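Fold and geometry: a report
Read off the chains here:
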Amino acid sequence: MSTPHVLVVNAGSSSLKYSLVDAATGATPGHGLVERIGESTGTLVHHGPEGETRIEGPVADHEAAFQLARDAFTDHGPQLSSYDVVAVGHRVVHGGERFSQPVLIDDDVLAAVRDLVPLAPLHNPANLEGIASARALFPDLPHVAIFDTAFHQTLPEHAYTYAVPRDWVGEHGIRRYGFHGTSFSFVAQAAADLLERPLTELNLIVAHLGNGASVTAVRGGESVETSMGMTPLEGLVMGTRSGDVDPALHAHLHRELGWSLDEIDRILNRESGLKGLAGENDFREVLRLRDEGDAAAALAFDVYCHRLRKYVGAYYAVLGTVDAIVFTGGVGENAAPVRAATLSGLERLGISVDEQRNAERSDQARSISPDPSTEGGTDVAVLVVPTDEEWEIARQSVAVSG
Ligand code: ADP
């Protein structure tokens, strides 16, 4: 028998991502993605010892998707039975104020996640479907819920409170929750490991820049401020989300153009951000178009970096002192121009990016600031740390179910 493994599951409204993860090393002997669940044609792409296997055909619902995934393990490997699978770890987007830790799933937990659907109407219902289907297929394994919001339950009241009528928070849960918590938790610890200092002694600004994007101020391992709010729309410019806008925008568009609130919400979540500004939500495309002299892509890049820079400045002030600024996520790990533009000209704040280190490509955690001891060396380390949310979910699942 091998070391403990976890089947990590991320169920979206029409997709199912799964991965068999070694909780000790993060290795993934098998993983896959089912897409277009509920549509006339679906796909499963499974990766195992035979390489990539593609299966096309209709996938009726999440339970059918899990069956396909389980069959893919059986038919193409790796065999689940040859691993010590100790739990199924489910990513759940919204845990509200109830969940500050991962939990073993029981009927009470499911009811609580269901109660939180109004706060995450797109995500929590899909997560619930994923859990129900996985429990039906793997009834003998413990199932663990890991919440994107949990890491931010340490936010102080003055950071999570919106300046709205006081009873809104108690009666309707209107407050900042923050998201990407699994990634922030993993990356903060990995940054401390890289710096060879205890996380409890560090002040970090961590920017998770993927399709969604958010930035968090981490003091001593705890989230003290974060840019996403009650929903994942607030904060940074993202692939398709606007991030911060004037909160009066909805009323204006509704009043002046007659657009429904649902339509405005859809546009701000799905048609805005980089896609709205540059016509592309993939950052590689934005960079390519910008290099070709496309003015819209150049503006999208500038708006993206400017917004992030504002947050870095704000969180520097929140923390008082900063030991490291950490970039992660597909954009943060790969887009050197974003890191350079965001942090340019901040030497007086002790922040600088070494051009050569920044340009080097690597999938390892690394520093891109000059060494503190060299001339031009600065106080604040600038780090690139690859995130691994699945490994973090596996580790937390073992901790809870063990
Ligand atoms: P998700 O939020 O879905 O987990 P990722 O963290 O994988 O997404 O990030 C996806 C984003 O990372 C995309 O916008 C993609 O264009 C960007 N990205 C990936 N590789 C590169 C690269 N080499 N240069 C710039 N951007 C990249």
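Re the overall build of the chain
A count of helical and extended segments in the chain gives 15 helices and 14 strands. Counting only C-alpha atoms and orienting by the principal axes, one finds that the chain spans roughly 55 × 55 × 45 Å. Here the chain, with 402 residues, has 48% of them falling under the buried criterion. Carbon together with sulfur atoms contributes 50% to the accessible area of the chain, which is approximately 18,400 Å² in total.

Comments concerning the sheet that holds strand S9 (residues 203-209)
Working definition: the strands of a sheet are paired by backbone hydrogen bonds and lie parallel or antiparallel to each other. One open sheet accounts for 6 strands, arranged S11-S10-S9-S12-S14-S13; its pairing is mixed. On the outer flanks of this sheet lie strand S11 (222-226) and strand S13 (366-367), each paired with one strand and no other. Those strands touched by helix H6 (residues 181-195) are S9, strand S10 (213-219), S11, strand S12 (324-328), S13 and strand S14 (381-384), and its axis lies near 130 degrees from that of S9. Running over the sheet, helix H11 (residues 295-319) touches S9, S10, S11 and S12 and is turned about 15 degrees from S10.

Details of the packing of aromatic side chains
Evaluated as defined, the whole model comprises 6 aromatic pairs. Ring geometry for Tyr 311 versus Tyr 315: centroids 5.7 Å apart, planes at 85 degrees, classification edge-to-face. Taken together, the residues Tyr 311 and Tyr 315, both in helix H11 and 4 residues apart, mark about one turn of the helix. Taken individually, Tyr 311 and Tyr 315 each receive the classification buried, so the pair is uniform in this respect. Chaining the aromatic ring pairs together yields one cluster made of Phe 283, Phe 301 and Tyr 304. Taking NZ or CZ as reference, Arg 175 lies 3.6 Å from the ring centre of Tyr 160, over its face.

A short note on unusual backbone geometry
Of note, the bond from Gly 77 into Pro 78 is cis; its omega dihedral lies within 30 degrees of zero at -5 degrees. One non-glycine residue, Arg 36, adopts positive backbone phi at about 60 degrees. By the element assignment, Arg 36 lies in the loop between strand S3 (30-35) and strand S4 (42-48). Positive phi values are uncommon outside glycine, yet His 180 reaches one of about 60 degrees. Tracing the backbone shows His 180 in the loop between helix H5 (167-172) and H6.

Notes on the pattern of salt bridges
For the coordinates displayed, the defined rule picks out 15 salt bridges. Its salt-bridge partner being Asp 282, residue Arg 284 comes within 3.2 Å of it at the nearest N-O pair. Sharing partners across several salt bridges, the network here consists of Glu 263, Arg 266, Glu 271 and Lys 275.

Comments concerning the site of the ligand
The immediate surroundings of the ligand are formed by 14 residues, with Asn 211, Asp 282, Phe 283, Gly 330 and Asn 334 found nearest. The contact in question runs from an oxygen atom of the ligand to an N or O atom on the backbone of Gly 330, over 2.9 Å. Val 331 places a main-chain nitrogen or oxygen 3.3 Å from an oxygen atom of the ligand. For the shell around the ligand, the elements supplying multiple residues, two or more each, are helix H10 (283-291) and helix H12 (329-334). Looking at the shell around the ligand element by element, the count peaks at 4 residues for H12. When the residues that make up the shell around the ligand are grouped by side-chain class, the tally is 4 nonpolar, 7 polar and 3 charged.

Looking at H11
The terminal C-alpha atoms of H11, which comprises 25 residues, lie 36 Å apart, in line with the 36 Å expected from a rise of 1.5 Å per residue. Here H11 has its buried residues at Ala 297, Ala 300, Phe 301, Tyr 304, Cys 305, Arg 307, Leu 308, Tyr 311, Val 312, Tyr 315, Tyr 316 and Leu 319. One side-chain oxygen of the residue at the start of H11 lies 3.0 Å from the amide nitrogen of Ala 296, identifying that residue as Asp 294. One or two residues past the end of H11 sits Gly 320, with phi positive at roughly 85 degrees.

Let's talk about the packing of helix H1 (residues 62-76) against helix H3 (residues 124-137)
Two packed helices can be described by the angle between their axes and the distance between those axes. Look at H1 against H3: their axes get within 8 Å of each other, and the N-to-C directions meet at 50 degrees. Here H1 lies oblique to H3, going by the angle between them. When the axes of H1 and H3 are compared, the crossing they make is right-handed. Side by side, H1 and H3 meet where His 62, Glu 63, Phe 66, Gln 67 and Arg 70 of the first sit next to Ala 126, Glu 129, Gly 130, Ser 133, Ala 134, Ala 136 and Leu 137 of the second. Looking at the contact of H1 with H3, its residues break down into 5 nonpolar, 4 polar and 3 charged.

The rules behind each value
- Residues numbered from 1 in each chain as written.
- Predicted model: local features only at pLDDT ≥ 70, side-chain atom pairs only at ≥ 80, totals over all residues.
- Heavy atoms only, no water.
- Helix = DSSP H or I, 4+ residues; strand = E, 2+ residues; numbered from the N terminus.
- Buried < 20%, exposed > 50% of the residue type's maximum accessible area, 1.4 Å probe, protein only.
- Areas by Shrake-Rupley, 256 points an atom, 1.4 Å probe, with all protein chains shown as cover.
- Pairing = 2+ DSSP bridges.
- Contact = heavy atoms within 4.5 Å.
- Axes fitted to C-alpha atoms, helices over the stretch in contact; angles between N-to-C directions.
- Phe/Tyr/Trp six-rings, centres within 6.5 Å; stacked < 30°, edge-to-face > 60°.
- Lys NZ or Arg CZ within 6 Å of the ring centre and 35° of its normal.
- Salt bridge = Lys/Arg side-chain N within 4 Å of Asp/Glu carboxyl O.
- Near = heavy atom within 4 Å.
- Polar contact = N/O pair within 3.5 Å; in protein donor to acceptor, adjacent residues only side chain to side chain.
- Nonpolar A, V, L, I, M, F, W, Y, C, P; charged D, E, K, R; others polar.
- Expected span 1.5 Å × (residues − 1).
- Parallel < 35°, antiparallel > 145°, perpendicular 65-115°, else oblique.
- Left-handed = near helix turned anticlockwise from the far one by under 90°.

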